Amino acid sequence: MEDTNSLIEQRRTKLAALAAKGINPFMNKVSLKELTGCGDARAKFERGELAEDAPVAIAGRISAHRDMGKSQFIDLKDVTGRVQVYAQKGALGDEPFEIFKHLDLADFIGVKGTMFRTRAGEISVKAESFTVLAKALRPPPDKWDGLADTEVRYRQRYLDLIANDEVKQTFLKRSAIIREIRAFFHERGYVEVETPMMQAIPGGAAAAPFKTFHNALGCEFFLRIALELYLKRLLVGGVDKVFEIGRNFRNEGLSRKHNPEFTMLEAYEAYGDYETMMETVESLVKRVAQNVLGTLVVTRENKSGTAVTIDLTTWRRVRYKDLVREKAGADWFDIAPAERRRRAIEDLKLAGDIADGYEDFEVTGAVFEKLVEPTLIQPTFVTHLPKELVPLAKLSPDDPTTVEVFECCINGQEISPGYSEQNDPIAQRETLEHQAGGEQQKLDEDFLTALEHGMPPAGGIGIGIDRLCMMLLGQESIRDVILFPQLKPKA
RNA sequence: GGGUUGGUAGCUCAGUGGUAGAGCAUCGGCCUUUUAAGCCGUUGGUCGUGGGUUCGAUCCCCACCCAACCCA
């Protein structure tokens, strides 16, 4: 980082000037006692908890300044918000006031003073003294236009957070969402665990893994693509209600909806089934929305700019096959596979979405994914998926071509799958061997051994936290709910 | 992987085959209750990178890099 410009040079000169005056521009410690948050000071004054002329000490980053000659206004910002500081030459003294006037935007300072309201009505702190806490050697983004360059916003997210308050709010809310999720499961008696991210056999999903190597053990490991198989081992071990929130890694394409590493919630409940878990998902999302957004009705704009209202009060349950029949014809599942393929390609115009090698269930899958899923705006549990799609679930007794599975779709996106977990080790081995044959994956023998020791019947869910955040926070890109999304390193 | 769009001052953006522009920020001056403060003045550029065409390229052509979006 040897790059420089006149603005940086100026700031370095100011830094040297402070040092020459014996001022340490990078304080080890804020010596101000009983620091009040900048935004908190405003709020407390508003509520009457801080009176006119009440003494306060605040610290924050300078986000604006308005120079009046022998007095100056600055805005000071911390995570609690913004407050105006009023500095007068007479109150600070000549030399300190000169120093104050030459502070730069983005510098951190501490201020001691008293609360008051200006003639214009602005709640402010009248400075009696101040301390330089940290000098900023680079200028911040524009105060009014903010930071728009997506590349800089993602690579230097700290600048995005400084310049774009709505971005900061989004990430604060993401944190609140995750806090609510944890509270929800803890209240229901779940145990939170951490399972290996480095796995010898990456299981629990069909996805390309990242590969790594352990030098001391002399063998390959893979970054996990799912949490599932380790959490089920814990069901075997008697942890009856278990959940994990953690990162998964998939070595696949990047898009508006895909980041190579993403955050997954998985939860399993012994003696439950897919219906138990539908209730769980519904209650969880309602609680999170209510406590973080303060409402169950979320209105936002979609890509084409039209407003979409998502009402989380009522959750529909409908079978996969019925939804497909609505789009593809009532007789869809009665006709021959070749006719299904023809109809999908010719009548439903899905030629581009159906590869030559697609099996019959994949043809139907394309119909669902392209024609049904995008239309599921209101919360919908799509149940009874074809068994080929979910090898780790139990067959439905009333239709053995399907499994006891749901996909929860909101805003045209899958938010959460859940199912009655397969706990028959013999049936599980068969489906995994069949799948492994096609995908040339290694069988996780230890997982199958665990099942043979007996796994209680259980319901399980997975929720993509990033996509849940997108839906709740009205973000169209996964990069806008991940602080540091993956980008190609700059050469 | 393919397509489209973009990359110009610290930030947001104009612009042109012939000395590179605005607003904000910076720096200086005036102003002790302003708030996108105001007024006057001022500094600041490898026009993404590398080639090519041309008397001359930030602009036209080619390749490459990075990003966003769409498609696979």
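The structure we're discussing is the one just above.
Bear in mind that the values here come from a model prediction, so they are computed numbers and not experimental data.

(A) The protein's contact with RNA strand B, seen in detail. In the vicinity of RNA strand B there are 49 residues, among which Gln10, Lys14, Gln84, Lys143 and Glu151 approach most closely. By atom count, sugar and phosphate contribute 63% of the portion of RNA strand B lying within 4 Å of the protein. At 3.5 Å from a phosphate oxygen of RNA strand B is found a side-chain nitrogen or oxygen belonging to Lys70. At 2.7 Å from a phosphate oxygen of RNA strand B is found a main-chain nitrogen or oxygen belonging to Lys488. Elements supplying a minimum of two residues to the surface near RNA strand B: helix H1 (6-20), strand S1 (55-67), strand S2 (71-78), strand S3 (81-88) and helix H5 (150-155). Looking at side-chain class alone, the surface near RNA strand B contains 14 nonpolar, 15 polar and 20 charged residues.

(B) How the structure looks around the sheet that holds strand S8 (residues 211-214). Pairing in this open sheet of three strands is antiparallel, and the strands run S7-S9-S8 from one edge to the other. Strands at the two margins of the open sheet, each flanked by one partner only, are strand S7 (198-199) and S8. Note that S8 and strand S9 (residues 219-223) share four bridges and pair antiparallel. Bridged to His214 within S9 is Cys219.

(C) Quick peek at the nonpolar core. Core analysis: the biggest nonpolar cluster contains 43 residues, and Ile177, Ile181, Phe185, Leu265, Leu312, Phe406 and Leu468 have the highest contact counts within it. Breaking this core down by element, the ones donating at least two residues are helix H7 (165-187), strand S10 (241-249), strand S11 (261-270), helix H9 (274-293), strand S13 (307-311), strand S18 (405-410), strand S20 (458-464) and helix H15 (465-473). Sorting elements by how many residues they give to this core places H9 first, with nine residues. If we ignore the near neighbours within four places in the chain, the residues touching Leu468 are Ile177, Ile181, Val285, Ile415 and Ile463. Formed by 42 residues, the second largest nonpolar core is a distinct cluster that contains Ala344, Val390, Val403 and Cys409.

(D) Region of the structure containing helix H12 (residues 360-372). For H12, which comprises 13 residues, the first-to-last C-alpha distance of 17 Å matches the rise-based estimate of 18 Å (1.5 Å per residue) to within 8%. Of all the residues in H12, the buried ones are Phe361, Val363, Thr364, Gly365, Ala366, Val367, Phe368 and Val372. Contacts made by the buried residues of H12 are with helix H10 (320-328), helix H11 (337-347), strand S15 (380-383) and S18.

(E) Layout of the sheet that holds strand S5 (residues 123-134). Ordered in space as S1-S2-S3-S5-S4, the five strands form a closed barrel in which the pairing is mixed. Neighbour-to-neighbour, the strand axes of this sheet turn through a mean angle of 55°, independent of strand direction. Its contacts with the sheet put helix H2 (residues 38-47) on S1, S2, S3, strand S4 (108-117) and S5, and the angle it makes with S3 is roughly 85°.

(F) Quick peek at the layout of surface pockets. In this model, the second largest pocket occupies a volume close to 520 Å³. Lining the second largest pocket are 20 residues, and of these Arg61, Ser63, Lys77, Ile162 and Ala163 sit closest to its centre. Those elements that place two or more of their residues in the lining of the second largest pocket are S1, S2, helix H6 (157-163) and H7. The residues that make up the lining of the second largest pocket include at least three from each of domain 1 (4-140) and domain 2 (160-315 + 379-480).

(G) Highlighting H9. If you check H9, its first and last C-alpha atoms are 27 Å apart, about what 20 residues at 1.5 Å a residue would give, namely 28 Å. Here H9 has its buried residues at Tyr274, Met277, Met278, Thr280, Val281, Glu282, Leu284, Val285, Arg287, Val288, Ala289 and Val292. The N-capping residue of H9, defined by a side-chain oxygen 2.9 Å from the backbone nitrogen of Glu275, is Asp273. Directly after H9, the chain includes Gly294, whose backbone phi takes a positive value near 75°.

(H) Up close: the pattern of salt bridges. Enumeration according to the criterion identifies 40 salt bridges in this entry. The salt bridge involving Asp104 is made with Lys14; its shortest N-O contact spans 2.6 Å. Here Asp104 is found in the loop between helix H4 (94-101) and S4, whereas its partner Lys14 is found in helix H1, with 90 residues between them in sequence. Between Glu187 and Arg287 there is a salt bridge; the shortest N-O distance is 2.9 Å. Taken together, the positions of Glu187 in helix H7 and Arg287 in helix H9 put the pair 100 residues apart, joining distant regions of the chain. Three or more residues are tied together by salt bridges with common partners; here these are Arg42, Arg66, Asp75, Arg82 and Glu122.

(I) Looking closely at the packing of aromatic side chains. Enumeration according to the criterion identifies 10 aromatic pairs in this entry. An angle of 25° between the planes, with centres 4.5 Å apart, marks the rings of Phe73 and Tyr86 as stacked. Of the two residues, Phe73 is situated in strand S2 and Tyr86 in strand S3; the sequence distance between them amounts to 13 residues. Centre to centre, the rings of Tyr320 and Phe368 are 4.8 Å apart; their planes meet at 35°, and the pair counts as tilted. Pair noted here: Tyr320 is in helix H10 and Phe368 is in helix H12, with a separation of 48 residues, a long-range link. Tyr320 sits in the buried class, given a relative accessible area of 1%. Above the plane of the ring of Tyr230 lies Arg233, whose end atom (NZ or CZ) is 4.2 Å from the centre.

(J) How the structure looks around the packing of H7 against H15. It is the contact of H7 with H15, at a shortest axis distance of 10 Å, that shows an interaxial angle of 120°. By the angle between their axes, H7 is oblique relative to H15. With respect to the hand of their crossing, H7 and H15 are arranged in right-handed fashion. Judged by residue contacts, Thr170, Lys173, Arg174, Ile177, Ile178 and Ile181 of H7 engage Ile465, Asp466, Leu468, Cys469, Leu472 and Leu473 from H15. Looking at the contact of H7 with H15 residue by residue, the class counts come to eight nonpolar, one polar and three charged.

(K) Region of the structure containing empty space enclosed by the protein. Applying the stated criterion across every chain yields a total of one cavity of 30 Å³ or more. Estimates place the volume of the largest cavity at around 40 Å³. By residue number, the principal contributor to the lining of the largest cavity is helix H8 (residues 228-236), which donates three residues.

(L) Here's a closer look at the packing of H8 against helix H14 (residues 445-452). Between H8 and H14, whose axes approach to 9 Å, the crossing angle comes to 25°. One way to sum up the angle between H8 and H14 is to call them roughly parallel. Helix-helix and strand crossings are classified by hand; for H8 and H14 the assignment is left-handed. When H8 is examined against H14, the residues Leu229, Lys232, Arg233 and Val236 are found in contact with a partner set consisting of Asp446, Phe447, Ala450 and Leu451. Counted by class, the contact of H8 with H14 contains five nonpolar, no polar and three charged residues.

The rules behind the values
- Residues numbered from 1 in each chain as written.
- Chains lettered and ligands numbered in written order.
- Predicted model: local features only at pLDDT ≥ 70, side-chain atom pairs only at ≥ 80, totals over all residues.
- Heavy atoms only, no water.
- Near = heavy atom within 4 Å.
- Polar contact = N/O pair within 3.5 Å; in protein donor to acceptor, adjacent residues only side chain to side chain.
- Helix = DSSP H or I, 4+ residues; strand = E, 2+ residues; numbered from the N terminus.
- Nonpolar A, V, L, I, M, F, W, Y, C, P; charged D, E, K, R; others polar.
- Pairing = 2+ DSSP bridges.
- Core = buried A, V, L, I, M, F, W, Y, C linked by side-chain atoms within 4.5 Å.
- Buried < 20%, exposed > 50% of the residue type's maximum accessible area, 1.4 Å probe, protein only.
- Contact = heavy atoms within 4.5 Å.
- Expected span 1.5 Å × (residues − 1).
- Axes fitted to C-alpha atoms, helices over the stretch in contact; angles between N-to-C directions.
- 1 Å grid on protein atoms, 1.4 Å probe; cavity = no way out; pocket = protein on both sides within 12 Å on 5 of 7 lines; lining within 4 Å.
- Points joined across faces, edges and corners; volume = space filled by probe spheres on them.
- Domains from an automatic or database assignment.
- Salt bridge = Lys/Arg side-chain N within 4 Å of Asp/Glu carboxyl O.
- Phe/Tyr/Trp six-rings, centres within 6.5 Å; stacked < 30°, edge-to-face > 60°.
- Lys NZ or Arg CZ within 6 Å of the ring centre and 35° of its normal.
- Parallel < 35°, antiparallel > 145°, perpendicular 65-115°, else oblique.
- Left-handed = near helix turned anticlockwise from the far one by under 90°.

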